[in-house]
Amino acid sequence: MTPRDDAERLLVVDDEATVRELLSATLRFAGFRVASAGTAAEAIASATGEPPDLVLLDVGLPDMDGFEVVRRLREQRTQGRAGPVPVLFLTARDGQADKVTGLSLGADDYVTKPFDLEELIARIRAILRRTSGHHAGLLTVGALALDADGHQVTRDGVPVRVSPTEFRLLRYLMENAGRVVTKAQILDRVWHFDFGGDASIVDTYISYLRRKVDTAEPRLIQTVHGVGYVLREPRR
């Protein structure tokens, strides 16, 4: 399949040539435009020259670890980008500390090698949907519903009054339903880092939301200690 000229552009960064080539070929077949890089320096140069819609980034690069690459890519938001480029980490590491580090830097997802290619493509599409700026007007998780166009929230069909900030926070959680988001990600997407005070404001507003939309069972807003928050229906 030949990608369309207006297809999303992905940047695959991995120092293993076989992995890089397999991913690039698979993603092109899936309809994406793909660039690739084998080092951090090549990745930064490519992303600077033509900003991608998403970066698939190996943590263990030979010249610089992926965490530092993310820090440098994030700096581009002050150099003309409307926002930071989405990042999905690819790594052989599966330690919790590495996951927390990557997510706290603002990475959008994290997969451990070896990974299923179909699942990886599904995750890529989910990230692109979340970050493209085009969202469905109605979001639902269990008995909770948010109408983005009408700016209304209901639980079990009963209207719930929320403030503009609570609405943005709830919308972000529902757009990422089932996925853990960190305080840093919430601050970036809900407050846009314009808030200059204590990051505990996230905990405060989560508490406000729980009192308004999560007073009945099943509880949907869950704390993942040491990482962040997730909105999802409890597993049965």
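Each value, and the rule that gives it
Residues numbered from 1 in each chain as written. Predicted model: local features only at pLDDT ≥ 70, side-chain atom pairs only at ≥ 80, totals over all residues. Heavy atoms only, no water. Helix = DSSP H or I, 4+ residues; strand = E, 2+ residues; numbered from the N terminus. Areas by Shrake-Rupley, 256 points an atom, 1.4 Å probe, with all protein chains shown as cover. Pairing = 2+ DSSP bridges. Axes fitted to C-alpha atoms, helices over the stretch in contact; angles between N-to-C directions. Contact = heavy atoms within 4.5 Å. UniProt positions renumbered as here; feature names shortened; annotations may be inferred. Phe/Tyr/Trp six-rings, centres within 6.5 Å; stacked < 30°, edge-to-face > 60°. Buried < 20%, exposed > 50% of the residue type's maximum accessible area, 1.4 Å probe, protein only. Parallel < 35°, antiparallel > 145°, perpendicular 65-115°, else oblique. Left-handed = near helix turned anticlockwise from the far one by under 90°.

## Description of the overall build of the protein chain
- For the protein chain, the count of helices and strands is eight helices and 12 strands.
- Carbon and sulfur atoms form 50% of the exposed surface of the protein chain, whose accessible area is close to 12000 Å².

## A few points about the sheet that holds strand 5 (residues 109-112)
- Ordered in space as 2-1-3-4-5, the five strands form an open sheet in which the pairing is parallel. Only two strands of the sheet have a single partner each, and these edge strands are strand 2 (33-37) and strand 5. Between one strand axis and the next, the sheet turns through 20° on average, direction left out of account.
- Alignment of strand 4 (residues 87-91) against strand 5, held across four bridges, turns out to be parallel. Within the sheet, the bridge partner assigned to T91 lies in strand 5 and is T112.
- Helix-sheet contacts for helix 1 (residues 17-29) involve strand 1 (9-13), strand 2, strand 3 (54-58) and strand 4, and the interaxial angle to strand 2 is about 170°.
- Sheet strands in contact with helix 2 (residues 40-49) are strand 1 and strand 2, and its direction is about 170° off that of strand 1.

## Details of the UniProt feature "modified residue: 4-aspartylphosphate" (unreviewed entry) in the protein chain
- Those residues carrying the UniProt feature "modified residue: 4-aspartylphosphate" (unreviewed entry) are D58 in this numbering.
- Secondary-structure assignment places D58 in strand 3.
- Not counting residues within four places of it along the chain, the set of residues in contact with D58 comprises V13, D14, D15, G66, L90, T91 and K113.

## As for the packing of aromatic side chains
- The full count for this structure, using the stated rule, is two aromatic pairs.
- Their ring planes at 80° and their centres at 5.3 Å tell us that F67 and F89 sit as a pair that is edge-to-face. Of this pair, F67 sits in helix 3 (residues 66-74) while F89 sits in strand 4; the two residues are 22 residues apart in sequence, bridging distant segments of the chain. Like F89, F67 is buried.
- When the ring of Y205 is compared with that of Y208, the centres are 5.1 Å apart and the planes differ by 70°; the resulting orientation is edge-to-face. Residue Y205 and its partner Y208 are both found in helix 8 (residues 201-213); the two are separated by three residues, about one turn of the helix.
- Residue class for Y208 comes out partly exposed when judged on its relative accessible area of 33%.

## Digging into the packing of helix 6 (residues 164-175) against helix 7 (residues 183-191)
- Their axes nearest at 10 Å, the elements helix 6 and helix 7 cross at an angle of 125°. By the angle between their directions, the pair helix 6 and helix 7 is classed as oblique. Between helix 6 and helix 7 the crossing geometry is right-handed. Contacts from T165, R168, L169 and Y172 of helix 6 reach helix 7 at Q185, I186, R189, V190 and W191.

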